[in-house]
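Notes for the structure review
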Amino acid sequence: MKYVIIGASAAGLSAAEAIRKYDKSGTVTVLTEEAYMPYSRPSISYYLKGKVKESDMSLRKSSYYKQMGIDIVTSSKVTAVDRERKLVKAGKKSYPYDKLCLCTGSRPFVPPMENVEGKVNALTFLDLAATKQVKMLANEKTRAVVIGAGLIGMKAAEGLVKICKSVDVVELAPRVLPSILDAKSAKQVKKHLENNGIKFHLENTVTKAASKGKQITAVELKSGARLNCDLLILAVGVRPQTELAEKAGLEVNRGIVTNTETMQTSDKDIYAAGDCCVSEDMLDKSKKIIALWPNAVLQGAAAGAQMAGADDKVGGTYAVNAIDFFGLRICTCGLINAFGEQYSDKIKTDGDSYKRLVFEGNRLVGFVLINSSQNAGIYTNLIANRVDLDTLEGDITDIPSIFMFDRETRIAKLRGGVQI
């Protein structure tokens, strides 16, 4: 069997390893347009801050790929998938496949802004190459402006504030980290970030830039404010990279459409995994893009196993995040901003700790934990296993444990593999 995987990040590497688990003799070729062997994308902010070296970012040692019989081809941009001839075209080379997996990931979304495109100091912050450029330009005299207060933008801002003269963050939404925080917790996080030197311009956006040659010198906001700018970070968000799938005639609807358990696309010999795919949120059954590392790993593993003839499946997809900013620990999971009368919540605060639990009927479906992450694993398992909370004793906002179950339920849950 000839296996080809396009993309060498979380989903691609996970797919390759799953293939090798079930097929020891087939050829496994992983094509990546990046110049680097598989590395940890979540580490790029730590690389910017100087907390990790580039060599520490590798997901596996170079010898590992040889031992596993996985051929990683770097600087290889795939231009077409020929489904009829079952070939992947990359430059002048063609790679035949029996089974193919698209792990093309996502690309930065850059909104229309006057006089920004093509400027050398307008950069993204999604991969190692872009981060190297950011690190090269940033210094103690730099006035940085970050567009976007989501996870990518805030990690860029956190790294830059230790290097630059000033860091301003512009965000269209009325709060920071809008996809993972509710309104109340966002206020607490914003205050913490401001205390560490980041300035925010919420419900605002950059409309145009002033420049000198190829260098941006200032940006103008929708509000009319003008910010001096030596470095502009474009971190508004990401979009799935679906161009190859579309050109190949696969079904695409925002992302690549797959069987959300097997990751098989509309072509029985082509699979897809990770940020490029439409996922089904197991908690509300909505179809969405869940562009998160753990999700990509799970989907890649299922895709690789299926390609090799095994029956591993994606057990269930939902959003989960664990991140910190200047020592403030944030853990979120599931349906944070759920709307509808079927949902309720409980909030508990104590000093600088914040805990919000979201319920649908008698099941936990989401949480926000700030400086109170000690029970995050327990809550996550309650969500993942859709545990009926009527079987719990005591207050779930306190310290849940296996002993909160009655004896019969404890035994049943443990036999069923619930990790508590």
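Description of the structure in this document. (Residues numbered from 1 in each chain as written. Predicted model: local features only at pLDDT ≥ 70, side-chain atom pairs only at ≥ 80, totals over all residues. Heavy atoms only, no water.)

Let's talk about the overall build of the protein
- When helices and strands are counted, the protein shows ten helices and 27 strands.
- Dimensions along the principal axes, computed over C-alpha positions, put the protein at roughly 65 × 60 × 40 Å.
- In the protein, which comprises 420 residues, the share counted as buried stands at 51%.
- Here the analysis covers contacts within the protein between residues at least 6 apart in sequence; of these, 60% occur between residues at least 24 apart.
- Carbon and sulfur atoms provide 48% of the accessible area of the protein, an area that totals close to 19,600 Å².
- Charge centroids of the protein, computed over 58 positive and 47 negative side chains, lie 5 Å from each other. (Helix = DSSP H or I, 4+ residues; strand = E, 2+ residues; numbered from the N terminus. Buried < 20%, exposed > 50% of the residue type's maximum accessible area, 1.4 Å probe, protein only. Contact = heavy atoms within 4.5 Å. Areas by Shrake-Rupley, 256 points an atom, 1.4 Å probe, with all protein chains shown as cover. Lys, Arg positive; Asp, Glu negative; His and termini not counted. Charge placed at Lys NZ, Arg CZ, Asp CG, Glu CD.)

Some details on the environment of Ala157
- Among the secondary structure elements, Ala157 is positioned in helix H5 (residues 151-161).
- In the structure, Ala157 is positioned 13 residues away from Ala144 in sequence and 8.4 Å away in space, judged by C-alpha atoms.
- Dropping the residues within four chain positions of it, Ala157 is found in contact with Val146, Val167, Val169 and Ile198.

Brief notes about the packing of aromatic side chains
- Counted by the stated rule, this structure contains three aromatic pairs.
- Ring geometry for Tyr64 and Tyr65: centres 5.5 Å apart, planes at 80°, overall edge-to-face.
- Pairing Phe367 with Tyr379 gives two aromatic rings, centres 5.9 Å apart and planes at 45°, and the pair type is tilted. Pair noted here: Phe367 is in strand E27 (residues 363-370) and Tyr379 is in helix H9 (residues 376-384), with a separation of twelve residues, a long-range link.
- Among the residues examined, Phe367 registers a relative accessible area of 1% and is labelled buried.
- Looking at Arg60, its charged tip hangs above the ring of Tyr64, at a distance of 5.6 Å from the centre. (Phe/Tyr/Trp six-rings, centres within 6.5 Å; stacked < 30°, edge-to-face > 60°. Lys NZ or Arg CZ within 6 Å of the ring centre and 35° of its normal.)

Details of the pairing of strand E14 (residues 215-221)
- One ladder, built from six bridges, connects strand E13 (residues 206-212) with E14; its direction is antiparallel. The residue of E14 that forms the bridge with Val206 is Leu221.
- Once E13 ends, the chain turns through two residues before running back antiparallel as E14, passing Gly213 with a positive phi of about 65°.
- With three bridges connecting them, E14 and strand E15 (residues 226-228) associate as antiparallel partners. Residue pairing in the sheet places Glu220 in a bridge with Arg226 of E15. (Pairing = 2+ DSSP bridges.)

Brief notes about helix H1 (residues 10-22)
- The end-to-end C-alpha separation of H1 is 19 Å, in line with the 18 Å expected for 13 residues at 1.5 Å each.
- With eleven of 13 residues buried, H1 is to be regarded as a mostly interior element.
- Regarding H1, the residues found buried are Ala10, Ala11, Gly12, Leu13, Ser14, Ala15, Ala16, Glu17, Ala18, Ile19 and Arg20.
- Elements that come into contact with the buried residues of H1 comprise strand E1 (2-6), strand E2 (27-31), helix H3 (62-68), strand E3 (70-73), strand E7 (99-102) and helix H8 (293-307). (Expected span 1.5 Å × (residues − 1).)

Digging into the sheet that holds strand E5 (residues 87-90)
- Read across the open sheet, the three strands follow the order E4-E5-E6; overall the sheet is antiparallel. Two strands lie at the open edges of the sheet, namely strand E4 (78-82) and strand E6 (93-96), each paired on one side alone. Pairs of neighbouring strands in the sheet enclose a mean axial angle of 20°, with direction left out of account.
- Sheet topology places E4 next to E5; four bridges connect them, and they run antiparallel. Bridged to Val81 within E5 is Val88. (Axes fitted to C-alpha atoms, helices over the stretch in contact; angles between N-to-C directions.)

What about H8?
- Between its first and last C-alpha, H8 extends 21 Å over 15 residues, near the 21 Å set by a 1.5 Å rise per residue.
- Buried residues in H8 make contact with E1, H1, E7, strand E20 (270-272) and strand E21 (279-280).
- Looking one or two residues past H8, Gly309 carries a phi angle of roughly 95°, positive in sign.

Shape is all these values report; function is a separate question.
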